[in-house]
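The chain contents come next:
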Amino acid sequence: MANWQSVDELQDIAADLPRFTGAFTALAGRLGLDIAPLAADHISLRCHQNATADRWRRGFEQCGELLSENIINGRPICLFKLHEPVCVAHWRFDVVELPWPGEKRYPHEGWEHIEIVLSGDPESLNARALALLSDDGLSQPGIFVKTSSPKGERERLPNPTLAVTDGSVTVKFHPWTIEEIVASEQ
């Protein structure tokens, strides 16, 4: 199996990784978020066109295994487990989330967010996530906080999400790993 960075269909996202890493590190700094002790679960892409998502899928099929394909919020989302990880800061991601375009238009096609797992009661997720972020960081212009509970067709676990974005990159917090969510669908 090929390393994802050597696959022709994935050259644009291989080239995009330094931009994302810098932007994510800057966002964490603005928020006062110490990423060192946190368990990050997976990394996600965003694209505007079905053709881009189809090309990335063909690329990931050459360097990983399809873990899950599901319809979430009305659009397909694939999860791939890679043979070689995507490295951002100190994290090594072997799971990549590939959503097809939805209603929202993103300013950039490429890497968009990292999901951090805060194990524990789903009811207290928002409070636990917000406790990791500085009040000064959250009150800055251009910082947006959103809560949601995305649900796949067959998911059995409550999966609240707290997302914090600067409009360019996003950090999301969940109570479960993506592999626990996929296992709940079986």
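Summarised in this report is the structure supplied together with it. Just so it is clear, the model here is predicted, and its values are computed rather than measured.

Rules behind the numbers
Residues numbered from 1 in each chain as written. Predicted model: local features only at pLDDT ≥ 70, side-chain atom pairs only at ≥ 80, totals over all residues. Heavy atoms only, no water. Core = buried A, V, L, I, M, F, W, Y, C linked by side-chain atoms within 4.5 Å. Buried < 20%, exposed > 50% of the residue type's maximum accessible area, 1.4 Å probe, protein only. Contact = heavy atoms within 4.5 Å. Helix = DSSP H or I, 4+ residues; strand = E, 2+ residues; numbered from the N terminus. Pairing = 2+ DSSP bridges. Axes fitted to C-alpha atoms, helices over the stretch in contact; angles between N-to-C directions. Lys, Arg positive; Asp, Glu negative; His and termini not counted. Salt bridge = Lys/Arg side-chain N within 4 Å of Asp/Glu carboxyl O. Phe/Tyr/Trp six-rings, centres within 6.5 Å; stacked < 30°, edge-to-face > 60°.

## Looking at the nonpolar core
1) Next: Formed by 45 residues in total, the largest nonpolar core has its most connected members in W4, F60, V86, W111 and F173.
2) Next: With near-sequence residues (within four places) excluded, F60 lies in contact with L10, I13, L45, F80, L82, V96, L98 and W111.

## Let's talk about the pairing of strand β5 (residues 110-117)
1) Next: Burial runs high along β5: eight of the eight residues are buried.
2) Next: Sheet topology places strand β1 (residues 39-46) next to β5; seven bridges connect them, and they run antiparallel. The residue of β5 that forms the bridge with H42 is E115.
3) Next: Of the pairings in the sheet, the one linking β5 to strand β8 (residues 170-174) comprises five bridges and is parallel in character. Bridge pairing in β8 links I114 to V171.

## Some thoughts on the environment of A36
1) Next: As for its position among the elements, A36 is in the loop between α1 (11-31) and β1.
2) Next: Residue classification places A36 among the exposed residues on the basis of a relative accessible area of 52%.
3) Next: Sequence spacing of A36 and P18 is 18 residues, and the spatial spacing of their C-alpha atoms is 19 Å.

## Considering the sheet that holds strand β4 (residues 91-99)
1) Next: Taking strand neighbours across the sheet as the criterion, the eight strands line up as β2-β3-β4-β1-β5-β8-β7-β6 in an open arrangement whose pairing is mixed. If you trace the sheet from one side to the other, it starts and ends with β2 (64-72) and β6 (144-148), each paired once. Strand-to-strand twist in this sheet, taken as the mean axis angle between neighbours without regard to direction, amounts to 25°.
2) Next: Here β6 pairs with strand β7 (residues 161-165) via five bridges, running antiparallel. Across the sheet, residue K146 finds its bridge partner in β7, namely A163.
3) Next: Sheet strands touched by α1: β1, β3 (75-88), β4, β5, β7 and β8. Its angle to β5, the strand with the most contacts, is close to 50°.

## Side note on the side chain of K172
1) Next: By the element assignment, K172 lies in strand β8.
2) Next: The buried charged residue K172 lacks any salt bridge partner; its closest oppositely charged side chain belongs to E115, at an N-O distance of 4.6 Å.
3) Next: Beyond its immediate sequence surroundings of up to four residues, K172 is in contact with R46, H113, I114, E115, I116, T161, L162 and A163.

## Re the packing of aromatic side chains
1) Next: Evaluation of the coordinates by the stated rule reveals five aromatic pairs.
2) Next: Plain terms: the ring middles of W4 and W111 are 5.8 Å apart, the flat faces sit at 85° to each other, and that makes the pair edge-to-face. With W4 in the segment before α1 and W111 in strand β5, this residue pair connects regions lying 107 residues apart in the sequence.
3) Next: In this structure W111 comes out as buried when scored by relative accessible area, which is 1%.
4) Next: Feature note: the residues F20, F24, W91 and F93 constitute an aromatic cluster, connected by ring pairs.

Spatial relationships are all this shows, so hold off on functional conclusions.
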